[in-house]
Amino acid sequence: MLTACSGEGDQANMDPVTLYTTVTQEAPEAHTPDPTPQPDSNPTNNEYGTDNAGTAYANAIAQVPDWNGYGWEPLDIDGYDPCAALSWQFVMLERGFASSPHHILLFHYGEYLGTATLVPYGFAADITRVSDDEIAVTYHYMKEGESLAFNSGTTEASFRWDEAQQKVLMSGEVPLQR
């Protein structure tokens with residue numbers, strides 16, 4: 001319901017008029033996320049990539065080389081969005097620990113681009129969406145003399161899809177390789 005004033009002249013002398021607007025909204029469909037990323041036996045492809053994060057993961061991870069004889073397992077695939085200029089999934093070494101290598105898989109409108117960095121980094125990073133075409137990453141690492149349980153070092157990096165260059169540009173820093 002909207003209320004407005006009608007008439008001309010001094011606003012204090014205007015008569016209130018009530019306008020009604022009918023809005024129809026469909027109830028959202030219930031969605032229960034699949035706790036394990038499984039490839040969809042009949043993946044739905046939108047105009048960009050697969051709608052299913054599990055299928056996107058399965059297709060992408062097949063292209064990521066093993067690390068010292070170990071494969072990768074999903075840690076967080078919820079950053080995948082087939083309609084975003086840049087989205088991500090986060091993986092860690094199979095049977096790994098918190099300090100084990102992790103990779104960020106990058107996607108452009110559902111198409112797998114590759115990993116965010118050439119080498120994986122230990123410890124889980126914090127990844128947030130900045131915009132449709134950019135993510136921010138906080139990497140964690142051990143400072144000199146720290147133990148695995150007390151890693152206080154951080155670096156910040158951002159990854160942005162550059163439409164003109166048709167590639168991802170990185171700015172910021174990643175942890176030093178030791």
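Check the entry above for the structure.
Residues numbered from 1 in each chain as written. Predicted model: local features only at pLDDT ≥ 70, side-chain atom pairs only at ≥ 80, totals over all residues. Heavy atoms only, no water.

Enquirer: Before we move on, can you summarise empty space enclosed by the protein with the specific residues and values?
Expert: For the structure shown, the criterion picks out one cavity of 30 Å³ or more. A volume near 50 Å³ is recorded for the largest cavity. F90, H102, H103, I104, A116, T117, V119, P120, Y121, F123, A125 and Y139 are the residues that line the largest cavity. Considering only residue class, the lining of the largest cavity consists of nine nonpolar, three polar and no charged. (1 Å grid on protein atoms, 1.4 Å probe; cavity = no way out; pocket = protein on both sides within 12 Å on 5 of 7 lines; lining within 4 Å. Points joined across faces, edges and corners; volume = space filled by probe spheres on them. Nonpolar A, V, L, I, M, F, W, Y, C, P; charged D, E, K, R; others polar.)

Enquirer: Pulling in residues and values, what's your account of the sheet that holds strand β8 (residues 126-131)?
Expert: Read from one edge of the open sheet, four strands run β8-β9-β10-β11, paired in antiparallel fashion. Looking along the sheet, the strands with just one partner apiece sit at the ends: β8 and β11 (167-172). In this sheet, neighbouring strand axes are inclined to one another by 25° on average, regardless of whether the strands run parallel or antiparallel. Pairing geometry for strand β9 (residues 134-141) and strand β10 (residues 153-162), over eight bridges, is antiparallel. For Y141, the partnering residue across the bridge sits in β10 and is G153. (Pairing = 2+ DSSP bridges. Helix = DSSP H or I, 4+ residues; strand = E, 2+ residues; numbered from the N terminus. Axes fitted to C-alpha atoms, helices over the stretch in contact; angles between N-to-C directions.)

Enquirer: How would you sum up the pattern of salt bridges? Please name residues and give values.
Expert: What the rule picks out here adds up to one salt bridge. Across the pair R160 and D162 runs a salt bridge whose closest N-O atoms are separated by 3.7 Å. Taking relative accessible area as the criterion, R160 reaches 31% and is therefore assigned partly exposed. (Salt bridge = Lys/Arg side-chain N within 4 Å of Asp/Glu carboxyl O. Buried < 20%, exposed > 50% of the residue type's maximum accessible area, 1.4 Å probe, protein only.)

Enquirer: Mind laying out the nonpolar core, listing which residues take part and the relevant values?
Expert: Counting 16 residues, the largest nonpolar core has I104, L106, I127, I135, V137, Y139 and F159 as its most contacted members. In contact with Y139, not counting residues within four places along its chain, are I104, T117, Y121, A125, G153, T154, T155, A157, F159, E173, V174 and P175. Formed by 13 residues, the second largest nonpolar core is a distinct cluster that contains Y57, L93, L105 and F107. (Core = buried A, V, L, I, M, F, W, Y, C linked by side-chain atoms within 4.5 Å. Contact = heavy atoms within 4.5 Å.)

Enquirer: Would you mind going over the environment of A124 in detail, with residue names and values included?
Expert: Tracing the backbone through its elements, the reader meets A124 in the loop between β7 (121-122) and β8. Looking at A124, the relative accessible area reads 37%, which means it is partly exposed. Once the C-alpha coordinates of A124 and H140 are considered, the two residues, 16 residues apart in sequence, prove to be 7.0 Å apart. Setting aside chain neighbours within four positions, we find A124 in contact with L75, F90, A98, H102 and H140.

Enquirer: Describe helix α1 (residues 53-61), naming the residues involved and giving the relevant values.
Expert: Those residues of α1 not exposed but buried are G54, T55, A56, Y57, A60 and I61. On its buried face, α1 is in contact with β3 (72-76), β4 (87-93), β5 (101-108) and β6 (111-115). N-cap assignment for α1: the residue whose side-chain oxygen lies 2.8 Å from the backbone N of G54 is N52. (Polar contact = N/O pair within 3.5 Å; in protein donor to acceptor, adjacent residues only side chain to side chain.)

Enquirer: Describe the pairing of β5, and please don't skip the residues or the numbers.
Expert: With eight of eight residues buried, β5 is to be regarded as a mostly interior element. Residues P101, H103, L105 and F107 point to one face of β5 and H102, I104, L106 and H108 to the other, with burial holding for every one of them. In the sheet, β4 pairs with β5 via six bridges, with the strands oriented antiparallel. What sits directly across from W88, in β5, is L106. Note: β5 against β7, two bridges, orientation antiparallel. When the bridges of β7 are listed, P101 appears paired with G122.

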